[in-house]
Amino acid sequence: MTNPYIEHRDYGPVRFLHRLNPLSKLFAPLPAMLLVILTRDIPTPLAFILLAMALLLVGAHLDGRLALLLFVVLPLAVGFLSLSFGIWTDRERVPVSADVFSLGDYAFTTEMWLSGFSTALRLGAVLVLGLLAGATSTGAELVRALVQQLRVPYRIGYTALAAFRFVPRFGHELEVIRSAHRVRGMIGGRGPIAGARRYLGYVVPLLAGAIRHAERIALAMDARAFGAHPTRTERHIVPFRARDWVFMILFWAVTAALLVLVPRLE
Amino acid sequence: MISLDRVRIRHEGSGAWTPDGASFAIGAGEVVLLLGPSGSGKSTLALALNGLIPHEVPAELEGTVTVDGALTTERTVAQLSEHVGMVFQDPDSQLVTGTLLDEVCFGPENLLVPLDEVLARAERALRRVGLWERRLDNPDVLSGGGRQRLAIACALALESPLIVLDEPTANLDPAGIEEVYAALAEVVASGERSILLVEHNLDAAIDLVQRVVVIDREGRIALDGTVDEVLRHGTDALAALGVWIPVATMAALRLREAGVDLDPLPLTPRELAAALDAVELPAPPAPDGATALGGVVISVDSLTVTRRKTPILSDVSLDVARGELLAIVGTNGAGKTTLLQAIAGVVAPPKRRILTAGLDPATADARTLARHVGFVFQNPEHQFIRHTVAEELAHGLELQHLDAGAIAERVDSMLERFGLGHLRDVHPFLLSGGQKRRLSVGTALIAGAPVLALDEPTFGQDRERAAELLDILTQLNEEGTTVLIVTHDLQLVAEHATSIAVMQGGRLLAKQPAAQALAGDLLEEAGLRHPPLGQAMRALTRHDAWRGISRLRDLP
């Protein structure tokens, strides 16, 4: 779980993505994401994956986690998904091709695999394009940008941010409840039904705790004048500068260019 | 500055008015302690001072609360926050943001205070509680005491002339309590703020306050006066109301009955020691002999527990005899809970290291284990799994496949014993705090376990409930149940435990009979403080024979 509160860090002019407004990083790749979902080929999503990866390589501070995600998890996931999507593909609907392998009546053909591969690539492309904003801005920054530029009511934005605090707390609480139920002998057998029953038993204590906690937080926030005025003092201004426009327009231009050029390469 | 006139409050769905007709006022710079037995409406009253009642909490308010010349009903909670700051009991449920600085700025930002003023206020507030250097940390990394100091800083930053603190130390260990009171002392010393403190831990609060207001069980103001008037001269009235009085005062009252008259009545360990040194004392009575103990029922043999490569327990060995009431004490992170959970098999320990009532908790299955050792969690709600109180008790027996008649009989006797008979068809979650606690002890014992283990069962409860639970445990113990309890409340430990295991940094420093552990320097070595009576007696300069006393019942 990433910490949504970590302060914004600057990594110098080359790592330019960190210097952009989270909204421009969110809106720049949006058309590309939509278009990629609509494509059926392999080169287009591949081209956008390479574009986003190149931008991240240059413009983002590449820590261990991001590198792992980009160069290990992503290729493995695309590879694995291409097989699973391929197996789901209806053989009648793809062109006839050589078998990759066959099991009795069932045959897995190259075209099936290629069809799965394009689906997996589309998902991968959406993920990497999303990382342009996701890997280079913090939760607090995004909330501030939403409030300052998009005029999202700050009551919603800051409440969402406060809710992040619930996550680790509930994780811990669930762990305690599980061991408490185990001690009471609620082992109740194996299998999905027993498992579901077991989890249902955790819901009541977890919810009771959650509601009480949320009520207390709400009182504490009210006691500190949350929601007193339509706006609040902003200590961190997240500006939307000329460079944000430049980034967005350039990105849209490149998106259009790729869409025109890539199919012609085939 | 704030005045209450015949304030009555009734929570939605509740029949009783608590408080019921409270009238008092707090002036500039005053430090007021609000006392009362549990259920008297202290916390409810606190919520009415900044308008949370009636604006946010569903409750009916009669009478008036006037803040700075205007009625709370005619202003919003946000407007009132500039006049009354609040610090709540649970440090975790008042945190909103990700850094200490953001947290302290949160209130002033909401009030549209200009930017440089926000930062100036934040710096003043954080410096006052000694957290300025840690302003960029996530509040999660602070200790409980640290987070509560942060909550005080947040109230300070609102620049409200009155700060209300509702049981601010109930969820803290002794070190945290000390931290919070040191920070509060700073605030009081500055003299800028009035303070209303709702607190049951009188021993910690007494040095700070000037005035005491006491509410009785019906929610009416019973006493209102200076610390001297209420605590020194109204002691008998307080005891009759069921309000906890300082341990030093209790000791003096007991001595008075034995013919040792201390005048004026001492309120703190320091005063008690000075008063005793000023008089002649008879020889103290011989402490009651140690109770006869049976054979070993729990044995732990060089237990080491490591989690995520961090050692939690290293090389712990101890034996517990049948019939002991063992308190496991230590600072946070000493490994107390881990040891208790290993003994009870809540978290599987390494194999062949522990024998609990003849079983190895590492390999025994949960149902067999439940017949040998009962475990009570800090929050009783966590272990409730059925829909009525009676089913909850029957659960453990059903797992043992007893016949229905035998189950009904044992459930009835358990309901009787814990005073839950009239609640047998109620959902466990609808019980009161004390009833939930008693039910959780009942469910842990019903399968006939000879060993009962409790993890911080008094955490977040007031003294009255804590004492009630300890009385139950003492009684069970006298009937032969071996009781293991992890707790921070050392006076409670002193009064009830037969032996004490002191832990530090994952090691067992020593396990000794309670009297011996309380008389020696073991607690200090582990970074703990002696309980109030022990502190007083150890500070005596005369009366060598009295120095080892730390239990009220060892006084004449």
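Just so we're clear, the structure is a prediction, and the values are computed from it rather than from any experiment.

1. Some points on the overall build of chain B
And step 1. Looking only at helices and strands, chain B has 22 helices and 19 strands in total.
And step 2. In terms of overall dimensions, chain B is globule-like: its C-alpha atoms have a radius of gyration of 25 Å, near the 24 Å expected for 556 residues.
And step 3. Projected onto its principal axes, the C-alpha coordinates of chain B cover approximately 70 × 60 × 50 Å.
And step 4. The buried share among the 556 residues of chain B stands at 52%.
And step 5. Of the contacts made within chain B by residues no fewer than 6 positions apart, 66% connect residues no fewer than 24 positions apart.

2. Here we look at the sheet that holds strand β4 (residues 59-67) of chain B
Strand pairing in a sheet is mediated by backbone hydrogen bonds. Such pairs are either parallel or antiparallel.
Residues and elements named next belong to chain B.
And step 1. Ordered in space as β2-β1-β4-β5, the 4 strands form an open sheet in which the pairing is antiparallel. Of all the strands in the sheet, the pair left with one neighbour each is β2 (20-26) and β5 (70-71).
And step 2. As paired elements, strand β1 (residues 2-11) and β4 share 8 bridges and run antiparallel to each other. If you follow R10 over to β4, its bridge partner there is E60.
And step 3. Across the sheet, helix α1 (residues 42-49) touches β1, β2 and β4, and the angle it forms with β1 is around 120°.

3. Let's talk about the sheet that holds strand β11 (residues 296-307) of chain B
Residues and elements named next belong to chain B.
And step 1. Sheet architecture is open: 3 strands sit in the order β12-β11-β14, paired in antiparallel fashion. With one partner strand each, in any of the chains shown, β12 (310-321) and β14 (354-356) form the two edges of the open sheet. The sheet shows a mean angle of 20° between the axes of neighbouring strands, direction not considered.
And step 2. Note: β11 against β14, 3 bridges, orientation antiparallel. Following the sheet pairing, I298 is matched in β14 by T356.

4. Examining the interface of chain A and chain B
And step 1. At the junction of the two partners, chain A supplies 38 residues and chain B supplies 48 residues.
And step 2. Where the side of chain A that touches chain B is concerned, the elements lending two or more residues are α8 (166-183) and α9 (191-223) of chain A.
And step 3. Considering each element in turn, the side of chain A that touches chain B owes the most residues, 12 residues, to α9 of chain A.
And step 4. For the side of chain A that touches chain B, a count of residues per class yields 20 nonpolar, 8 polar and 10 charged.

5. Quick notes on the environment of A70 of chain B
Residue and element names in this part refer to chain B.
And step 1. Here A70 is to be found in strand β5.
And step 2. Note on A70: 13 C-beta atoms within 10 Å, which makes it partly exposed.
And step 3. Remark: the alpha-carbon pair of A70 and T368, spanning 298 residues in sequence, is separated by 64 Å.

6. Section: the domain arrangement of chain A
And step 1. Partitioning chain A into structural domains gives domain 1 (20-137 + 240-264) and domain 2 (142-223).
And step 2. A class-by-class count of the residues in the side of domain 1 of chain A that touches domain 2 of chain A yields 3 nonpolar, 2 polar and no charged.

7. Some thoughts on the environment of L325 of chain B
And step 1. By the element assignment, L325 of chain B lies in strand β13 (residues 325-329).
And step 2. Separated by 126 residues in the primary sequence, L325 of chain B and V451 of chain B have C-alpha atoms spaced 10.0 Å apart.

8. Here we look at the packing of helix α17 (residues 433-445) of chain B against helix α18 (residues 463-478) of chain B
Residue and element names in this part refer to chain B.
And step 1. At a closest axis distance of 10 Å, the pairing of α17 and α18 adopts a crossing angle of 20°. Judged on the interaxial angle alone, α18 and α17 are roughly parallel. Judged by the twist between their axes, the crossing of α17 over α18 is right-handed. Facing G433, G434, R437, R438 and V441 of α17, the residues of α18 in contact are R465, E468, L469 and I472.
And step 2. Here the residues of the contact of α17 with α18 are counted per class, giving 3 nonpolar, 2 polar and 4 charged.

9. Details of the nonpolar core
All names here are of chain B.
And step 1. With 118 residues, the main nonpolar core has V32, V104, I152, A153 and L197 as its most contacted residues.
And step 2. Broken down by element, the residue count for this core peaks at 8 residues, all from helix α6 (residues 144-157).
And step 3. Apart from the residues within four sequence positions on either side, V32 is in contact with I26, I195, L196, L197, V209, R211 and V213.
And step 4. Listed in part, the 75 residues of the second largest apolar core include V373, L393, A444 and V493.

10. Quick word on unusual backbone geometry
Residue and element names in this part refer to chain B.
And step 1. Geometrically, the link from T18 to P19 is a cis peptide bond, its omega value of -5° lying close to zero.
And step 2. Position of P19 among the secondary structure elements: in the loop between β1 and β2.
And step 3. In this structure, P54 follows I53 across a cis peptide bond, with omega equal to 10°.
And step 4. Here P54 shows up in helix α2 (residues 52-55).
And step 5. A positive phi is found at D68, a non-glycine position, where the angle reads about 50°.

11. Quick word on the confidence of the model for chain A
And step 1. Summarising the model, chain A shows a mean pLDDT of 87, and 94% of its residues fall at 70 or more.
And step 2. By mean pLDDT, the top-scoring element of chain A is helix α1 (residues 22-27) of chain A (95), and the lowest-scoring one is strand β1 (residues 99-103) of chain A (81).

12. A few points about the packing of helix α5 (residues 115-128) of chain B against α6 of chain B
All names here are of chain B.
And step 1. Between α5 and α6, the shortest axis-to-axis distance is 8 Å and the interhelical angle comes to 140°. One way to sum up the angle between α5 and α6 is to call them oblique. In the packing of α5 onto α6, the handedness of the crossing is right-handed. Two secondary-structure elements touch here, α5 through R121, A122, A125, L126 and R128 and α6 through A153, L156 and A157.
And step 2. Within the contact of α5 with α6, the residues separate by chemical class into 6 nonpolar, no polar and 2 charged.

13. Considering helix α4 (residues 64-88) of chain A
Since one α-helical turn is 3.6 residues long, residues separated by three or four positions face the same way.
Residues and elements named next belong to chain A.
And step 1. Its 25 residues give α4 an end-to-end C-alpha distance of 34 Å, which sits within 8% of 36 Å, the value for a rise of 1.5 Å per residue.
And step 2. Along its length, α4 shows its largest kink, about 35°, at V73, and proline P75 lies within four residues downstream of that point.
And step 3. When α4 is considered as a whole, its buried residues turn out to be L70, V78, S82 and G86.
And step 4. The inward-facing, buried residues of α4 contact α3 (43-59), β2 (106-109) and α5 (110-134).

14. Side note on the pairing of strand β9 (residues 211-215) of chain B
The side chains of a regular strand alternate, first on one face of the sheet and then on the other.
Residue and element names in this part refer to chain B.
And step 1. Of all 5 residues that make up β9, 4 are buried, and the element is covered over most of its length.
And step 2. Judged from the 4 bridges that link them, strand β3 (residues 31-35) and β9 form a sheet pairing that is parallel. Residue pairing across strands places V32 opposite R211, the latter belonging to β9.
And step 3. In the sheet, β9 pairs with strand β10 (residues 221-226) via 5 bridges, with the strands oriented antiparallel. From the neighbouring strand, R211 faces β10, where its bridge partner is T226.
And step 4. Between β9 and β10, which pair antiparallel in sequence order, lie 5 residues; one of them, G219, sits at a positive phi of approximately 90°.

Cut-offs applied
- Residues numbered from 1 in each chain as written.
- Chains lettered and ligands numbered in written order.
- Predicted model: local features only at pLDDT ≥ 70, side-chain atom pairs only at ≥ 80, totals over all residues.
- Helix = DSSP H or I, 4+ residues; strand = E, 2+ residues; numbered from the N terminus.
- Rg over C-alpha atoms; globule rule 2.2 N^0.38 Å.
- Buried ≥ 20, exposed ≤ 12 C-beta atoms within 10 Å, placed from the backbone.
- Contact = placed C-beta atoms within 7 Å.
- Pairing = 2+ DSSP bridges.
- Axes fitted to C-alpha atoms, helices over the stretch in contact; angles between N-to-C directions.
- Nonpolar A, V, L, I, M, F, W, Y, C, P; charged D, E, K, R; others polar.
- Domains from an automatic or database assignment.
- Parallel < 35°, antiparallel > 145°, perpendicular 65-115°, else oblique.
- Left-handed = near helix turned anticlockwise from the far one by under 90°.
- Core = buried A, V, L, I, M, F, W, Y, C linked by C-beta atoms within 7 Å.
- pLDDT = per-residue confidence, 0-100.
- Expected span 1.5 Å × (residues − 1).
- Bend = angle between axes of the 7 residues up to and from the residue.

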